[in-house]
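Inside the fold
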Amino acid sequence: IASRRQRRSASSPLSSPLSSPLKSASKKLEQSPRRKKIHYESTPPKNSSSPNAGKTFSRPCRKSQSGKQQAERRLANEDEADDEDQWRNIDEEDAEPPQPHFRPERDVGPQLNRTADYTPLELFQLFFSTTVIDTLVKNTNAYGEKKSQVQKERHVTVTAADMYSFICIVLYMGIAPLKTLRDFWRGSRLFNLPFPASVMPCRRFLAISRSLHMNDPAVEAANDQKKGTPSYDVLCKIKPLYEQILEACHTFFHPYQHISIDERMVASKAKIRLKQYIRNKPTKWGFKLFVLADSVCGYTLNFFVYGGKESEPTGKGLSYDAVMRLLNIPFLGKGYKLYVDNFYTSPTLFLDLLKRKIWACGTVRANVAGYPKPKKNNRPTKTPRGTIRWLRKGQLLFVKWFDTREVMMCTTIHKAYSNDMAKRKVKDADGQWTVKLVPIPGCIRDYNQYMGGVDLSDALIGYYNVIHKTRKWYKTLFYHLVDIATVNAFILYKEMCKLHKRPLVTQKNFREQLILSLAEIVPPASPSDATSPPSNPDAAPGSPSAARATAGRRACVVCKRKSPVYCSVCQKTLCFTTLRNCYSEWHRSNNVCV
């Protein structure tokens, strides 16, 4: 531009139009139909009542000179802008932006005693603590009492041990799924599963499932009165458990440097306005959750259920608000690298994240506000595979990579090209498939590596998810919260195994140990049991003297047939007849026979 100006100042008025850029520019401006003509002399109309009517006004020639200079300056600025907003090739070197200094507020990884050995049950109880269980028990009993008054059915009080047993069977249903809930207690040859009946009778499980509640019915009734007002909380039914699980997710793990944000769908057919539809997801109908996860291990750090438009939006879009809400985590720190897809990526978001010392990378849509749209050098007619085009606007780098289709990226972390190569199968001149190395931008390589944090979490949940059919939408979210707690506990267990250099276990083995530990939780002895003498204190488990008749006939835990006999020591109903001896069979199988 400077050399162009020197040529303009050196040119004489008598030079030819071809050698004078000023004259050609001024001619273009004069010939342009869009440019308004400037009249330097004006004559008022004849019938004008102005006191200066009939007079002629003229402006000095120096004004016309300034108008020409403004037009020349405008053209120079447009040329300079075109030079900046221009797609460049990898032959042109791009300056690498300053890399973030990772400064987390806490040590990354599990926030636990790193010298202790934790069992699966202890890690699960970090999320479903005694406080959470007590809240569930209290609200379930309150709803059961209210329901019994309406339906005139007796409600049996739920204890903390009952709730642990209920969660135990729910987790068991995830590793051994059946079509209906009653199939787990069927005694036929096809459905002979002794474990659920040994933990809890079918009627008791279904009674707890029907009465299950996470919030106080009185609070829910008060919230229902606010329907149609801004103060109505659509997630009121899951609020206490949701907040307690969320706080545990924040507390017991600190993420590594790479994190990612994506949506998660929880399948549901409930007729409620919370249900969403996402076309490109495997689960298209259900509840939509926005999730922040660690990109390395898949730990769910933060999440929230999308309940419709926010009451106080920022005006920058739903995706912007979701990212800022998810990153509002206590003790996060600075220097993190965030990866998002094109639903969230925008220049406004990335620049605001830089102010918070969080760098970002993600795919971008061409129609987003702030995306560069240069007039020339946009795309050649035929683009070979592996072609890279880039454009830098301040701290933002926009990259186009031509693979089987065009991929567009926006990043504040990377430079345009770092000599990375990717293997691709292409056809040669003979029509044979061969492996070819093609250039790949560093932002796409890192995006493919670190964007899958939420997908990894979804996969771990999907292997043994405990969700089954239910008519109540809040129970679906309850089962999903159980899944989140179980998977996060499993990830903590793996991280502790790495710290102690112990062999890793699979998620299936982890769940099996957790289920067995939950089944062994027994209720504390009541004072009446402590004062009353046993029927036979010297009787050992499995001996006939330990058995006594029940007041009513109950189902045998082995064959599921009615029996009046149960073991007073093991507290199990078992058959003890001339045709069936389930009593001895059960005690031998559980290694309690003497």
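By the naming in an unreviewed UniProt entry, the protein chain goes by PiggyBac transposable element-derived protein 4-like and is assigned to Stegastes partitus.

So, on to the overall build of the protein chain. When helices and strands are counted, the protein chain shows 18 helices and 20 strands. Counting all 594 residues of the protein chain, 44% fall into the buried class. Taking the contacts inside the protein chain whose residues are at least 6 apart along the sequence as the reference set, 61% of them involve residues at least 24 apart. Carbon together with sulfur atoms contributes 51% to the accessible area of the protein chain, which is approximately 33,900 Å² in total.

To continue, consider unusual backbone geometry. A positive phi angle is found at N419, which is not glycine, with a value near 65 degrees. Position of N419 relative to the elements: it lies in the loop between β15 (406-411) and β16 (421-427). Relative accessible area serves as the criterion here: at 65%, N419 is assigned to the exposed category.

This part is about the pattern of salt bridges. A full pass over the atoms with the stated rule returns 20 salt bridges. Between R385 and D403 there is a salt bridge whose closest N-O contact spans 2.8 Å. Of the two residues, R385 sits in the loop between β12 (358-363) and β13 (387-393) while D403 sits in the loop between β14 (396-402) and β15, which places them 18 residues apart along the sequence. Through salt bridges that share partners, K316, D352 and K355 make up one connected network.

Mapping S457 onto the fold places it in helix α14 (residues 453-463). Separated by 34 residues in the primary sequence, S457 and I491 place their C-alpha atoms 9.8 Å from one another. The residues touching S457, leaving out its near neighbours within four places in the chain, are R264, G298 and T300.

Moving on to the confidence of the model for the protein chain. Of the residues in the protein chain, 78% reach a pLDDT of 70 or more, and the chain-wide mean stands at 81. Note on residues 1-63: pLDDT is under 50 here. Beyond four places in sequence and across chains, it has 32 contacts.

Let us look at the side chain of K572. Mapped onto the secondary structure, K572 falls in strand β20 (residues 572-573). We note that K572 is buried and unpaired, the nearest opposite charge coming from D162 at a distance of 10 Å. A polar contact of 2.3 Å, which involves the side chain of K572, links it to the backbone oxygen of S198.

In this model, the second largest pocket occupies a volume close to 800 Å³. What lines the second largest pocket is a set of 27 residues, and nearest its centre among them are L181, S209, H468, K469 and T470. The residue inventory of the lining of the second largest pocket, partitioned by class, reads 13 nonpolar, 6 polar and 8 charged.

Examined bridge by bridge, β16 and strand β17 (residues 433-439) share 7 bridges and lie antiparallel to one another. In the sheet register, A422 faces β17, and the bridge partner there is V438. Counting the residues that bridge the hairpin from β16 to β17 gives 5 residues, and of these G431 lies at a positive phi of roughly 85 degrees.

Going through the model one piece at a time under the given rule, you end up with 25 aromatic pairs. Between Y242 and F303, the aromatic rings sit 5.7 Å apart at their centres with planes inclined by 75 degrees, giving edge-to-face as the arrangement. Of the two residues, Y242 sits in helix α10 (residues 239-251) while F303 sits in strand β9 (residues 300-305), which places them 61 residues apart along the sequence. By relative accessible area, which is 1% here, F303 ends up buried. A ring pair is formed by W473 and Y474, whose centres lie 6.0 Å apart and whose planes are at 85 degrees; its orientation type is edge-to-face.

Right, let's get into the environment of E96. Along the polypeptide, E96 turns up in the loop between α3 (61-84) and β3 (103-104). Residue classification places E96 among the exposed residues on the basis of a relative accessible area of 52%.

Within the UniProt annotation, "transmembrane region" (unreviewed entry) is assigned to residues 156-175. The annotated region residues 156-175 carries 80% helix and 0% strand content, and the separation between its end C-alpha atoms amounts to 29 Å.

The next thing to look at is the packing of helix α5 (residues 130-151) against α10. Running from N to C, α5 and α10 cross one another at 175 degrees; their axes reach a closest spacing of 10 Å. Between α5 and α10, the angle falls in the class roughly antiparallel. Residues T131, V132 and T135 of α5 lie in contact with α10, whose contacting residues are P240, L241 and Q244. Grouping the amino acids of the contact of α5 with α10 by side-chain chemistry returns 3 nonpolar, 3 polar and no charged.

Criteria and cut-off values
- Residues numbered from 1 in each chain as written.
- Predicted model: local features only at pLDDT ≥ 70, side-chain atom pairs only at ≥ 80, totals over all residues.
- Heavy atoms only, no water.
- Helix = DSSP H or I, 4+ residues; strand = E, 2+ residues; numbered from the N terminus.
- Buried < 20%, exposed > 50% of the residue type's maximum accessible area, 1.4 Å probe, protein only.
- Contact = heavy atoms within 4.5 Å.
- Areas by Shrake-Rupley, 256 points an atom, 1.4 Å probe, with all protein chains shown as cover.
- Salt bridge = Lys/Arg side-chain N within 4 Å of Asp/Glu carboxyl O.
- pLDDT = per-residue confidence, 0-100.
- Lys, Arg positive; Asp, Glu negative; His and termini not counted.
- Polar contact = N/O pair within 3.5 Å; in protein donor to acceptor, adjacent residues only side chain to side chain.
- 1 Å grid on protein atoms, 1.4 Å probe; cavity = no way out; pocket = protein on both sides within 12 Å on 5 of 7 lines; lining within 4 Å.
- Points joined across faces, edges and corners; volume = space filled by probe spheres on them.
- Nonpolar A, V, L, I, M, F, W, Y, C, P; charged D, E, K, R; others polar.
- Pairing = 2+ DSSP bridges.
- Phe/Tyr/Trp six-rings, centres within 6.5 Å; stacked < 30°, edge-to-face > 60°.
- UniProt positions renumbered as here; feature names shortened; annotations may be inferred.
- Axes fitted to C-alpha atoms, helices over the stretch in contact; angles between N-to-C directions.
- Parallel < 35°, antiparallel > 145°, perpendicular 65-115°, else oblique.

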